[in-house]
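One-letter residues, chain by chain:
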Amino acid sequence: MLNIVDSIGCTPVLELRHPLVPKNKKLFLKLEQFNPNLSIKDRTALGLIQYALKAGKLQPGGRIIESTSGNLGKSLAMLGAALGFGVTVVVDPKVSSSALNWYKAYGANVDMVTEPDQSGGYQQSRIARVKQLLKLEPTAYWPNQYDNPDNPDYHCETTAKEFLQYDYDVLAGCVSTGGHLSGIAKGLKSHNPNIKVLACDVKGSAVLGGSFSPYLLNGVGLAWRSSNTHLEYFDYTVIVEDKHAISMCRLLARECGLLLGGSAGLVAFAALQLLHTSDVNSILAIMPDSGTNYLDTLYDDNWVREKGIVIQDTVKLRKFLSATTDAQQERMAHA
Ligand SMILES: Cc1ncc(COP(=O)(O)O)c(C=O)c1O
């Protein structure tokens, strides 16, 4: 008999057939929304829990405390319910009501910080609160997805094996903690040094360089580079603007029946850009989550208008994809 945990991984791959894919080239999409909790973070959460149990950092029936307002919290909450751990998710007032209800549906405790930190954000306040909670419950386990090497190590040892089954020249993925892409890239390259890796990020994020400025997409990017981002495994980098990632999501939904999250739209756009502007022939692109997480934002016409985003159609996107500037070419050059 299966546990929900057994349905994590083995996600499907499809070939994108759309006029934006250059003739005689191939773009394959690995759909992580087919994980039970609709994102790649099911894999990360499972890895963090398995490694912690093995190392004795998490006891059977113990408690997991993590700072997150996004997909990792949903996955930890689901696994807590399935495997018998208590889960406390430390969030801030920017958390969506749907994510809050998601955590609560699985029976997780939600702990909300209310005071912003010195930068005006809540990241440091959330971490401080996690540390406070850990003092109150010293046997609890803090996965710390940003700095815990178990995050990329799990993807290197486990997820990468799944990615070795297919035939392609370049793996494309995006970064926030950097855990899944760094880990998969390391694992792939150790088996096949010919595979190149394209790391994509949103304009405004500081993960791949530059200074931070606010952007619209969720899940992808960060105000700093976490220690789980390993640049040495990335051969190409592409930075994508919100408007192109969101337009790509809307296009893939309308014209291909694919309802994807914003970071997936970003990776698809960056992969197409590389196919258009280089001699790379085939790319396998990691699509981290489902568009169901963004029906009230990226897929809502009023929200998009309020944010000043003009959705670009196929003709406009094609023009941009094939008219890459010198500066972009430079960014995409081999590291
Ligand atoms: C939708 C989405 N895309 C991309 C990422 C980035 O993944 P990683 O933290 O492994 O870099 C995340 C991480 O939370 C995510 O939720």
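Conventions used here
- Residues numbered from 1 in each chain as written.
- Predicted model: local features only at pLDDT ≥ 70, side-chain atom pairs only at ≥ 80, totals over all residues.
- Helix = DSSP H or I, 4+ residues; strand = E, 2+ residues; numbered from the N terminus.
- Rg over C-alpha atoms; globule rule 2.2 N^0.38 Å.
- Buried ≥ 20, exposed ≤ 12 C-beta atoms within 10 Å, placed from the backbone.
- Axes fitted to C-alpha atoms, helices over the stretch in contact; angles between N-to-C directions.
- Parallel < 35°, antiparallel > 145°, perpendicular 65-115°, else oblique.
- Left-handed = near helix turned anticlockwise from the far one by under 90°.
- Contact = placed C-beta atoms within 7 Å.
- Nonpolar A, V, L, I, M, F, W, Y, C, P; charged D, E, K, R; others polar.
- Core = buried A, V, L, I, M, F, W, Y, C linked by C-beta atoms within 7 Å.
- Domains from an automatic or database assignment.
- Pairing = 2+ DSSP bridges.
- Right-handed = clockwise from strand over helix to strand, strands pointing away.

Participant: Would you explain the overall build of the chain in this entry?
Facilitator: If you tally the helices and strands in the chain, you get 11 helices and nine strands. Expected size for 335 residues packed as a compact globule is a radius of gyration near 20 Å; at 19 Å, the chain falls within 12% of this value. With the principal axes as the frame, the chain shows a C-alpha extent of 60 × 45 × 40 Å. For the chain, buried positions account for 46% of its 335 residues.

Participant: Help me out: how do you make sense of the packing of helix α2 (residues 71–83) against helix α3 (residues 97–105) in this one?
Facilitator: A pair of packed helices is characterised by two quantities: the angle between their axes and the separation of those axes. Following both chains from N to C, one finds α2 and α3 inclined at 15 degrees, their axes separated by 8 Å at the closest point. Here α2 lies roughly parallel to α3, going by the angle between them. Judged by the twist between their axes, the crossing of α2 over α3 is left-handed. Side by side, α2 and α3 meet where Gly 73, Lys 74 and Ala 77 of the first sit next to Ala 99, Trp 102 and Tyr 103 of the second. Across the contact of α2 with α3, the residue classes break down as four nonpolar, one polar and one charged.

Participant: I keep staring at the nonpolar core and nothing clicks. Help me out?
Facilitator: The nonpolar side chains of soluble globular proteins are, as a tendency, buried together. Residues Ala 172, Leu 198, Leu 266, Val 267, Ala 270, Ala 271 and Ala 285 are the most contacted members of the largest nonpolar core, which totals 57 residues. It is helix α8 (residues 262–277) that contributes the most residues to this core, 10 residues altogether. Filtering out sequence-adjacent residues up to four positions away, Ala 172 remains in contact with Leu 198, Cys 200, Val 267, Ala 270, Ala 271, Ile 283, Ala 285 and Ile 286. Counting residues in hydrophobic clusters, the runner-up holds 29 residues, among them Ile 8, Ile 49, Val 90 and Ala 108.

Participant: In this structure, what is going on with the domain arrangement of the chain? I would like to understand it.
Facilitator: The figure often quoted for interface size is the accessible area lost as the parts come together. With domains assigned, the chain is organised as domain 1 (4–34 + 148–325) and domain 2 (59–136). Its C-alpha centre places domain 1 at a distance of 26 Å from the equivalent point of domain 2. Facing five residues of domain 1, the contacting portion of domain 2 comprises six residues.

Participant: Where do I start with the pairing of strand β3 (residues 63–67) in this structure?
Facilitator: Taken residue by residue, a regular strand's side chains alternate between the two faces of the sheet. Among the five residues in β3, four count as buried, and that is most of the element. Bridge count for β3 against strand β4 (residues 86–91) is five bridges, and the pairing is parallel. Counterpart to Arg 63 in the pairing with β4 is Gly 86. For the crossover that starts at β3, traverses α2 and ends in the parallel β4, the hand is right-handed.

Participant: Even after reading the chapter, I still don't get the environment of Leu 58, so can you show me in this structure?
Facilitator: Structurally, Leu 58 can be placed in the loop between α1 (41–54) and β3. Residue Leu 58 is classed as buried on the basis of its C-beta count, with 22 C-beta atoms lying within 10 Å. Setting aside residues up to four positions removed in sequence, Leu 58 forms contacts with Ile 49, Ala 52, Leu 53, Ile 64 and Tyr 141.

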